[in-house]
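What follows is the residue order along each chain.
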Amino acid sequence: MKRLFPLLMLFLSLLPVIPVSGQNKVAAETKRDKEKRAKTDPWAEFEEEVDSIPRWDFGLNLGAYFPNKYSANFYNGTRDNVNNVNYVMSNRYWYQEIKQALGATDTVFVSGYPQDMHYQVAFTGGLFVRFNFNRKNGIFLEADYTALKTSDVITFEVDPQSYPTFQDIRTEALLGKEGRVLINLGYQHSFPLKSKIYFFLQAGGMMCYTQVRKSVLVVEGREYNLVDVYAGQGYIPNTNSQTVNINQNAFGFGAFAGAGAGFPLTDRFGVEPGFSMQYYPTNLKGYPGFIPSFAAYLRILFGVGHTGG
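Here goes a summary of the coordinates provided. The residue numbers shown here count from 1 along each chain, following its written sequence. A pLDDT threshold of at least 70 governs which residues receive local features in this predicted model, and a stricter bar of 80 or more applies before side-chain atom pairs are shown or counted, although totals over entire chains, interfaces and linings include all residues. Hydrogens and waters are ignored; side-chain quantities use all the structure's heavy atoms.

**A closer look at the overall build of the chain**
- The number of helices and strands found in the chain is five helices and ten strands.
- Pairs at least 24 residues apart make up 72% of the contacts formed inside the chain by residues separated by at least 6 positions.
- Per-residue and other accessible areas were derived by the Shrake-Rupley procedure at a 1.4 Å probe size, with only the shown protein chains allowed to occlude residues. When the accessible area of the chain is evaluated, it comes to approximately 17,500 Å², of which 61% is carbon and sulfur surface. We count a stretch as a helix when DSSP gives it H or I for four or more residues in a row; a strand needs E for two or more, and each element gets its number in order from the N terminus. It only takes one pair of heavy atoms within 4.5 Å for two residues to be counted as in contact.

**Things to note about the pairing of strand S8 (residues 249-266)**
- By the convention used here, strands pair only if DSSP detects at least 2 bridges between them. The pairing of strand S6 (residues 198-219) with S8 spans 14 bridges and is antiparallel. Among the inter-strand pairings, Met-207 is bridged to a residue of S8, identified as Phe-253.
- Here S8 runs beside strand S9 (residues 269-280); their pairing, made up of nine bridges, is antiparallel. Bridge pairing in S9 places Pro-264 opposite Gly-270.
- The loop that links S8 with its antiparallel partner S9 comprises two residues.

**Digging into the packing of aromatic side chains**
- Aromatic pairs are defined between Phe, Tyr and Trp rings, using the six-membered ring for Trp, whenever the two ring centres lie within 6.5 Å; interplanar angles under 30 degrees are classed as stacked, those over 60 as edge-to-face, and all others as tilted. All told, the structure shown has 16 aromatic pairs when counted by the stated rule.
- An aromatic cluster is present here, built from Tyr-87, Trp-94, Tyr-224, Tyr-230 and Tyr-235 joined pairwise through their rings.
- For a Lys NZ or an Arg CZ to count as sitting over a ring, it must be within 6 Å of the ring centre and within 35 degrees of the ring normal. Lying over the aromatic face of Tyr-119, Arg-180 brings its terminal NZ or CZ to 5.2 Å of the ring centre.

**Looking at the environment of Val-219**
- Relative to the elements of secondary structure, Val-219 occurs in strand S6.
- Burial here depends on accessible area, computed with a 1.4 Å probe over protein chains only, as a share of the maximum for the residue type. Under 20% is buried, over 50% is exposed, and the range in between is partly exposed. Since its relative accessible area comes to 2%, Val-219 is described here as buried.
- In this structure, the C-alpha to C-alpha distance between Val-219 and Glu-97, residues 122 residues apart in sequence, is 9.4 Å.
- Apart from the residues lying within four places of it in its own chain, the contact partners of Val-219 are Ile-98, Ala-101, Leu-102, Glu-172 and Tyr-224.

**What to know about the nonpolar core**
- The term nonpolar core refers to a set of buried residues drawn from Ala, Val, Leu, Ile, Met, Phe, Trp, Tyr and Cys, joined through side-chain atoms within 4.5 Å. In this structure, Tyr-65, Phe-74, Tyr-75, Leu-182, Met-206 and Tyr-280 are the most contacted members of the largest nonpolar core, which totals 23 residues.
- When residues of this core are traced back to their parent elements, those giving at least two are strand S3 (122-132), strand S4 (137-158), S6 and strand S10 (291-304).
- Excluding its chain neighbours within four sequence positions, the residues that come into contact with Tyr-65 are Val-121, Ala-122, Thr-124, Thr-146, Leu-148, Arg-180, Leu-182, Gln-278, Tyr-280, Ser-293, Phe-294 and Ala-295.

**So, the pairing of strand S7 (residues 222-225)**
- In the sheet, S6 pairs with S7 via four bridges, with the strands oriented antiparallel. Within S7, the position partnered with Val-218 by the bridge is Glu-223.
- Between the antiparallel neighbours S6 and S7 lie two residues, among them Glu-220 with a positive phi of about 50 degrees.

**Some points on a nonpolar patch on the surface**
- Patch members must show over 30% relative accessible area and no salt bridge, and they are joined within 9 Å when carrying like charges or within 5 Å when they are nonpolar side chains of Val, Leu, Ile, Met, Phe, Trp or Tyr. The working definition used for a salt bridge is a side-chain nitrogen of Lys or Arg within 4 Å of a carboxyl oxygen of Asp or Glu. A grouping of Trp-56, Phe-58, Leu-60, Leu-127 and Phe-302 is seen on the molecular surface, where their side chains present a nonpolar patch of about 480 Å² in accessible area.
- With three residues, the top contributor of residues to the nonpolar patch is strand S1 (residues 56-66).
- Assignment of secondary structure puts Leu-60 in strand S1.

Note that every value here comes from positions in space, so none of it alone points to a role or purpose.
Structure (structure tokens):
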């Protein structure tokens, strides 16, 4: 018993040392694990330090818009469209002006309408804001505006003859202009690389507001408005014919998806080139179909904290 007492006292004296050594070993392992993870994952330190994660990004969108041609035929002047050339040709005063402009002595009539009008590629620009939950996930809202233009030619036959002869065919211009506001609400997922460059995917819902700005027939340089601004009363020269403000606008709702890359240039500034596809209807009268349109852009970001997805 006397021999066991010194051994027992020695064991009790070592008890406080054992857990401390274990803690030091675990701390050393944890430190090595952090260093190893930092080498393999460049964002590990930022993911752990919540306060350094960017919360907001604000930006400007600049780019090119490639609208689908489907609703461009809204401006082709056919009888099926709300804005049609027959509205002009059935007004006797405008008809006489057109006859004179084309040098006709007898009659003029429309012999062909364009059936495949296209919009021109247009500039687009807007504002962007994103809330980042972390470096890989965020939600964003953006609003862009683009002004679209389409044009083609309509054919007139002048003084048709009852006997075989060469037809006197004239081509005149049809012109349409519209503005679109595109609002996207979406989710972004980023894929960061070791170089701090990141790739991203985006998707969400969208709304398009379309406003018709111009729909005209141009004959020898003179414009004839295809929009019935006289509210069915007709144009009469040298009178106080009253015109009304006709708003031809529409809303369409759809979805979008996109992808791109991010380049943080400083802690508070970066750029994101990318592209997107929107699938929505313009809902101009007679053109209700869902159609895809495309955009390519350069987004300039101003971040609160470190920029990036």
